[in-house]
Amino acid sequence: MNASTVQELDLRGLKCPLPALHARRALAALQPGASLRVLCTDPMSAIDIPNMVRETGCKLAAAVHSGPLLTFDIVRGATWPGNDDQ
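Residues numbered from 1 in each chain as written. Predicted model: local features only at pLDDT ≥ 70, side-chain atom pairs only at ≥ 80, totals over all residues. Heavy atoms only, no water.

## A few points about the environment of Pro32
Considering the arrangement of structural elements, one finds Pro32 in the loop between helix 1 (18-29) and strand 2 (35-40). In this view, Pro32 contacts Arg76, Gly77 and Ala78; residues no more than four positions away in its chain are not counted. (Helix = DSSP H or I, 4+ residues; strand = E, 2+ residues; numbered from the N terminus. Contact = heavy atoms within 4.5 Å.)

In structure tokens form, the structure reads like this:
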């Protein structure tokens, strides 16, 4: 992932389900192919974020767990759920 094209979303301190909800909203606002880096500290994010990525058709490019910090690099998919009318 090119660092200059990655949007970063710092969700440290938020508890489930907020990290996944905020990440989903941020991804919905991105163009297809754009990248989002999500920083979380809630251990449930290790389950919630990958599930949200799968459900939305995005790609989880990387998931790194370093102590309490979880970092997810996500690439926005070409389509978005619920956008059939666009």
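## Quick word on the pairing of strand 1 (residues 6-10)
The side chains of a regular strand alternate, residue by residue, between the two faces of the sheet. Two elements, strand 1 and strand 2, share 5 bridges in a ladder whose sense is parallel. Each bridged residue has a counterpart across the sheet, and for Leu9 the counterpart in strand 2 is Val38. The handedness of the strand 1 to strand 2 crossover, carried by helix 1, is right-handed. (Pairing = 2+ DSSP bridges. Right-handed = clockwise from strand over helix to strand, strands pointing away.)

## Some remarks on the pairing of strand 3 (residues 59-66)
Both strand 3 and strand 4 (residues 69-75) contribute to a ladder of 7 bridges, which runs antiparallel. Residue pairing in the sheet places Ala63 in a bridge with Phe72 of strand 4. Connecting the antiparallel pair strand 3 and strand 4 is a turn made up of 2 residues, with Gly67 showing a positive phi of about 65°.

## Points about helix 1
Residue pairs spaced three or four apart in an α-helix point in one direction, given the helix's 3.6 residues per turn. Taking 1.5 Å per residue, 12 residues should reach 16 Å; helix 1 reaches 17 Å between its end C-alpha atoms and fits that length. Residues of helix 1 that are buried make contact with strand 1, strand 2, helix 2 (45-56) and strand 4. (Expected span 1.5 Å × (residues − 1).)

## As for unusual backbone geometry
Omega for the peptide link from Cys16 to Pro17 comes to 5°, which places this bond in the cis form. Summarising the element assignment, Pro17 is placed in the loop between strand 1 and helix 1.

## Overview of the UniProt feature "domain: UPF0033" (unreviewed entry) in the protein
Cross-referencing UniProt, the feature "domain: UPF0033" (unreviewed entry) maps to residues 9-33 in the present numbering. Across residues 9-33 one finds 48% helix and 8% strand; the C-alpha atoms that close the span lie 17 Å apart. (UniProt positions renumbered as here; feature names shortened; annotations may be inferred.)

## Description of the nonpolar core
Core analysis: the largest hydrophobic core is formed by 18 residues, its most contacted members being Leu27, Leu36, Val38, Ile49, Phe72 and Ile74. Of all the elements in the fold, those that place two or more residues in this core are helix 1, strand 2, helix 2 and strand 4. Among residues more than four places away in sequence, those in contact with Ile49 are Pro19, Ala20, Ala23, Phe72 and Ile74. (Core = buried A, V, L, I, M, F, W, Y, C linked by side-chain atoms within 4.5 Å. Buried < 20%, exposed > 50% of the residue type's maximum accessible area, 1.4 Å probe, protein only.)

## Structural notes on the side chain of Thr71
Position of Thr71 relative to the elements: it lies in strand 4. Residue classification places Thr71 among the buried positions, given a relative accessible area of 16%. In this structure Thr71 touches Arg37, Val38, Leu39, Ala62, Ala63 and Val64, once residues within four positions along its chain are discounted.

## Considerations on the sheet that holds strand 1
Adjacent strands of a sheet pair through backbone hydrogen bonds, lying either parallel or antiparallel. Pairing in this open sheet of 4 strands is mixed, and the strands run 1-2-4-3 from one edge to the other. Edge positions in the sheet fall to strand 1 and strand 3, since each of these pairs with one other strand and no more. Going from strand to strand, the sheet's axes swing by 15° on average, the running direction of each strand aside. Contacting strand 1, strand 2 and strand 4, helix 1 runs over the sheet at an angle of about 165° to strand 2. Running at roughly 5° to strand 4, helix 2 makes contact with strand 2, strand 3 and strand 4 of the sheet. (Axes fitted to C-alpha atoms, helices over the stretch in contact; angles between N-to-C directions.)

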